[in-house]
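Structural overview
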Amino acid sequence: MGKQTTFTCPECNYSCVVSGEADRGRVSITDTYVCRDCKIADDISVGIMTEENEKKMKLKDEICCNECKGKNIEIWDKICPKCDTPMKMTGERVVHWD
Ligand SMILES: [Zn+2]
Ligand SMILES: [Zn+2]
């Protein structure tokens, strides 16, 4: 179970629904990245739990953008990937995403 937050850019109205930080469900671990090529922020799966135990996390060696499969990604700093304006939290919901 994770929490997702809607962020909206006050400038260009771009919005995305992401966890906004490192998060994990029962088996998958995600973190929020921004793709400089697609200009989107997205939760990217960075690893899996091999057991229901934090010490048994297995992180992926290579992660890539969900959309373009490219590697031009970095940890999202809550800055709009379209226009470089700080985005505002506009909603929150609890999701089951395993
Ligand atoms: Zn924007
Ligand atoms: Zn991309």
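Overview of the structure. This is a predicted model, so every value here is computed, not measured. (Residues numbered from 1 in each chain as written. Chains lettered and ligands numbered in written order. Predicted model: local features only at pLDDT ≥ 70, side-chain atom pairs only at ≥ 80, totals over all residues.)

Let us now look at the overall build of the protein chain. Assigned secondary structure in the protein chain consists of zero helices and eight strands. Order of helices (α) and strands (β) in the protein chain, N terminus to C terminus: β-β-β-β-β-β-β-β. Against the compact-globule benchmark of 13 Å for 98 residues, the protein chain has a radius of gyration of 14 Å, which places it among compact chains. For the protein chain, buried positions account for 20% of its 98 residues. Long-range pairs, those at least 24 residues apart, make up 54% of the contacts in the protein chain between residues at least 6 apart in sequence. (Helix = DSSP H or I, 4+ residues; strand = E, 2+ residues; numbered from the N terminus. Rg over C-alpha atoms; globule rule 2.2 N^0.38 Å. Buried ≥ 20, exposed ≤ 12 C-beta atoms within 10 Å, placed from the backbone. Contact = placed C-beta atoms within 7 Å.)

Below, the discussion takes up the nonpolar core. Ranked by size, the top nonpolar core spans 14 residues in total, and within it C16, Y33, V34, C35 and A41 carry the most contacts. For this core, the secondary structure elements donating two or more residues are β2 (15–18), β4 (28–35) and β5 (40–49). Setting aside residues up to four positions removed in sequence, V34 forms contacts with A41, I73, E74, W76 and P81. (Core = buried A, V, L, I, M, F, W, Y, C linked by C-beta atoms within 7 Å.)

Right, let's get into the sheet that holds β2. Spatial ordering of the open sheet is given by β2-β1-β8, a layout of three strands whose pairing is antiparallel. Pairing within the sheet leaves two strands with one partner each, and these edge strands are β2 and β8 (88–95). Put simply, the sheet's adjacent strands are angled 20 degrees from each other on average, direction ignored. Pairing of strand β1 (residues 2–8) with β8, which is carried by seven bridges, proceeds in the antiparallel orientation. Within the sheet, the bridge partner assigned to T5 lies in β8 and is E92. (Pairing = 2+ DSSP bridges. Axes fitted to C-alpha atoms, helices over the stretch in contact; angles between N-to-C directions.)

On to the environment of R26, then. Turning to its location among the elements, R26 is positioned in the loop between β3 (23–24) and β4. A residue is classified by how many C-beta atoms lie within 10 Å of it, and R26, with 12 of them, is exposed. Linking R26 and T50, residues 24 residues apart in sequence, is a C-alpha distance of 9.8 Å.

Let us now look at the environment of R93. Structurally, R93 is set in strand β8. The class of R93 is exposed, set by 10 C-beta atoms lying within 10 Å. Each C-alpha atom, one on R93 and one on C64, is 25 Å from the other, the two residues being 29 residues apart in sequence.

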